[in-house]
Amino acid sequence: MPEFIDILNAIVLFSNFVLVPAVSYGAQLALGALGITLVYGILRFSNFAHGDTMAFGTMMVILVTWGFQTMGISFGPLPTALLALPFGILGAVALTLAFDKTVYKFYRAKKSAPVIFVIVSTGVMFMTNAIVRFIIGPSDQRFMDGTKFIFRPREFKEFTGLSEGLALKSTQVLTLTVTIICVAALFYFLQKTRTGKAMRAFSDNKDLALLSGINPDRVVLITWILVAALATTAGTLYGLDKSFKPFTYFMLLLPMFAAAIVGGIGSPIGAVVGGFVIAFSEVIVTYAYKKFFIYLMPESLEPTGLMQFLSTDYKFAVSFIILVVVLLIRPTGIFKGQSI
């Protein structure tokens, strides 16, 4: 039987490499999936350009952040990117509204089928991706400043006397805090405000909503503003926690769509839950458990291999597998019938 101290070390090890990163990553996916859910629930199509909208908004945040840093403006222990976030949101709003006016509005007027909008959004995706790469380049960009850690592994070891250390990055706490605020504000907006109720009515029955005097252009406008704000916030939090690279944001489209579908496409609650389901699945399946089991098993039974189900190179494959399984077994997702 393992000693109590070994069990504690195993718990700390698991928390450091699985629990804490998965919670942070899940919050980022949840915000991204919310944007996908809003477009699907209100505008009735799957927006394949969402990942690159995140990239564009985050790029704007980075450019403004660099400008602030050049002028000596900072946010103390917090990242300067938080000061630049409103400017990034404005940039993303301008982008989404520009594409809506020049592209999507034309197909709405023609009452095109949803599959047409999917194809069109794919074209918008490639255009946005090209714009981002042209402006900021394809390489990794790190823009995190301020206090990087709330506490480091060495400090945790000294405080507890354990062999394993636990690191808590300020970006992880910031991600969870901002996500809670954004989700709470969005749910309040949709449930309590007049505009939010109009958007829900438009989502439930477009024809009846139009007969009730709801302005469809206003609903579309507010939807794109919310989507741009959620995408930019999610992208900025992801970039602060890891790094910014345009291709990575393109790849994030798969886990975000998986999160939205697992939770129930069109359901904001489902998008949040699905984000954490996908994040924990990816991290748990790709983590190497060798050291974890060394703490918990007798020496004679200690593993020699990595005890890893999949390499981290296949992280996004986990999202794909979950997506396929859900579509085959329960295509309506976890929160069946619950929409915006």
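All residue numbers refer to positions counted from 1 along the written sequence of the respective chain. In keeping with the model being predicted, local features are shown solely for residues with a pLDDT of at least 70 and side-chain atom pairs are shown and tallied solely at 80 or more, while totals for entire chains, interfaces and linings include all residues. Side-chain figures throughout are based on the complete set of non-hydrogen atoms in the structure, without hydrogens or water.

What is the right way to read the pattern of salt bridges from this model?
Two side chains with opposite charge may pair up if their charged atoms get near one another. The working definition used for a salt bridge is a side-chain nitrogen of Lys or Arg within 4 Å of a carboxyl oxygen of Asp or Glu. Considering all chains together, one arrives at four salt bridges under this definition. Asp241 is paired through a salt bridge with Lys169; the nearest N and O atoms lie 3.3 Å apart. Placement of the pair is Asp241 in helix H9 (residues 216-241) and Lys169 in strand S2 (residues 168-169), with a sequence separation of 72 residues. You can call Asp241 buried: its relative accessible area is 10%. Using a 1.4 Å probe on the protein chains alone, a residue whose accessible area is under 20% of its type maximum counts as buried, one over 50% counts as exposed, and one in between counts as partly exposed. What makes Lys169 partly exposed here is its relative accessible area of 24%. Across the pair Lys242 and Asp241 runs a salt bridge, and its minimum N-O distance is 3.1 Å. Elements are defined by DSSP. Helices are runs of H or I of four residues or more, strands are runs of E of two residues or more, and each kind is numbered from the N terminus.

Explain the packing of helix H1 (residues 4-43) against H9 to me, please; I cannot follow it from the model alone.
The relative placement of two packed helices comes down to the angle between their axes together with the axis-to-axis distance. Look at H1 against H9: their axes get within 9 Å of each other, and the N-to-C directions meet at 165 degrees. By the angle class used here, H1 and H9 are roughly antiparallel. Between H1 and H9 lies a crossing whose hand is left-handed. Touching Ser24, Tyr25, Gln28, Leu31, Gly32, Leu34, Gly35, Leu38, Val39, Ile42 and Leu43 of H1 are Val219, Val220, Thr223, Trp224, Leu226, Val227, Leu230, Thr233, Ala234, Leu237, Tyr238 and Asp241, all from H9. Grouping the amino acids of the contact of H1 with H9 by side-chain chemistry returns 16 nonpolar, six polar and one charged. All axes are obtained by fitting lines to C-alpha atoms, using only the stretch in contact for helices, and the reported angles, taken between N-to-C directions, cover 0 to 180 degrees. Roughly parallel means an angle under 35 degrees; roughly antiparallel, over 145; roughly perpendicular, 65 to 115; everything else is oblique. Working rule for handedness: look at the near helix, and if it is turned counterclockwise from the far one by less than a right angle, call the crossing left-handed; if clockwise, right-handed. Contacts: residue pairs with any heavy atoms within 4.5 Å of one another. Each residue gets one of three labels, nonpolar for Ala, Val, Leu, Ile, Met, Phe, Trp, Tyr, Cys and Pro, charged for Asp, Glu, Lys and Arg, and polar for the others, Gly among them.

Explanation requested: the nonpolar core in the structure shown.
The nonpolar side chains of soluble globular proteins are, as a tendency, buried together. Formed by 78 residues in total, the largest nonpolar core has its most connected members in Leu34, Leu38, Ile42, Tyr104, Trp224, Phe244 and Leu252. For this core, the leading source of residues is H9, giving twelve residues. Apart from residues lying up to four places away in sequence, Ile42 is in contact with Met199, Phe202, Ser203, Val219, Thr223 and Ile340. To qualify as a nonpolar core, a set must consist of buried Ala, Val, Leu, Ile, Met, Phe, Trp, Tyr and Cys residues joined through side-chain atoms within 4.5 Å. Of all hydrophobic cores here, the second largest spans nine residues; its members include Ala10, Leu13, Val18 and Ala22.

Explain empty space enclosed by the protein here, please?
Summary: where empty space remains is shown by rolling a probe the size of a single water molecule over the atoms. Only protein atoms enter the 1 Å grid, on which a cavity is a set of points fitting a 1.4 Å probe that cannot get out and a pocket is an open set with protein on both sides within 12 Å along at least 5 of 7 lines, lining residues being those with an atom within 4 Å of a point. Grid points are joined across faces, edges and corners, and a volume is the space filled by probe spheres set on the points. Per the stated rule, a full pass over the model turns up two cavities of 30 Å³ or more. In this structure, the largest cavity encloses a volume near 60 Å³. The wall of the largest cavity is formed by Asn47, Ala49, Thr53, Leu95, Thr96, Phe99, Tyr104, Val124, Thr128 and Trp224. At the level of secondary structure, the elements contributing two or more residues to the lining of the largest cavity comprise helix H3 (81-109) and helix H4 (114-136). Broken down by element, the residue count for the lining of the largest cavity peaks at four residues, all from H3. The residue inventory of the lining of the largest cavity, partitioned by class, reads six nonpolar, four polar and no charged. As a volume, the second largest cavity reaches approximately 40 Å³. Forming the walls of the second largest cavity are Tyr25, Gln28, Leu29, Met54, Ala234, Tyr238, Leu252 and Met256. If you list the elements that add at least two residues to the lining of the second largest cavity, you get H1 and H9. In terms of residue count, the dominant contributor to the lining of the second largest cavity is H1 (three residues). When its residues are assigned to classes, the lining of the second largest cavity shows seven nonpolar, one polar and no charged.

Mind showing me how you'd approach H4 here?
The periodicity of an α-helix, 3.6 residues per turn, causes residues three or four places apart in sequence to face the same way. One less than the number of residues in a helix, times 1.5 Å, gives the span that helix is expected to have. The end-to-end C-alpha separation of H4 is 33 Å, in line with the 33 Å expected for 23 residues at 1.5 Å each. Among the residues of H4, those classed as buried are Phe117, Val118, Val120, Ser121, Val124, Met125, Thr128, Asn129, Val132 and Ile136. If you follow the buried residues of H4, they end up packed against helix H2 (50-70), H3, helix H10 (246-251) and helix H11 (253-263). Phi turns positive one or two residues past the end of H4, at Gly137, with a value near 90 degrees.

Could you clarify how one ought to interpret the packing of aromatic side chains in this entry?
For any pair of aromatic rings, geometry is given as the distance between the ring centres together with the angle between the planes. Centre distance within 6.5 Å is the pairing criterion for rings of Phe, Tyr and Trp, where only the six-membered ring of Trp is used; planes under 30 degrees apart are then read as stacked, over 60 as edge-to-face, and the remainder as tilted. Tallied over the entire structure, the rule returns 19 aromatic pairs. Note on Phe45 and Tyr104: the rings are 5.3 Å apart at their centroids and 35 degrees apart in plane angle, and the pair reads as tilted. With Phe45 in the loop between H1 and H2 and Tyr104 in helix H3, the pair connects residues that are 59 residues apart, well separated along the chain. Here Phe45 falls in the buried class, since its relative accessible area comes to 3%. By relative accessible area, Tyr104 is classed as buried at 2%. Their ring planes at 80 degrees and their centres at 4.9 Å tell us that Tyr287 and Tyr289 sit as a pair that is edge-to-face. Cluster of aromatic residues (ring-pair linked, three or more members): Phe14, Phe17, Tyr287, Tyr289, Phe292, Phe293 and Phe309. We note Lys315 situated over the ring of Tyr25; from NZ or CZ to the ring centre the distance is 5.0 Å. Only when the NZ of Lys or the CZ of Arg is both within 6 Å of the ring centre and within 35 degrees of the ring normal is a charge said to sit over the ring.

Even after reading the chapter, I still don't get unusual backbone geometry, so can you show me in this structure?
It is generally the case that most residues other than glycine have a negative phi and that most peptide bonds are trans. Although it is not a glycine, Lys111 sits at a positive phi angle of roughly 55 degrees. Within the secondary structure, Lys111 sits in the loop between H3 and H4. Here Met307, not a glycine, exhibits a phi torsion of approximately 55 degrees, which is positive. Among the secondary structure elements, Met307 is positioned in the loop between helix H13 (290-296) and helix H14 (315-329). The exposure class assigned to Met307 is partly exposed, which follows from its relative accessible area of 41%.

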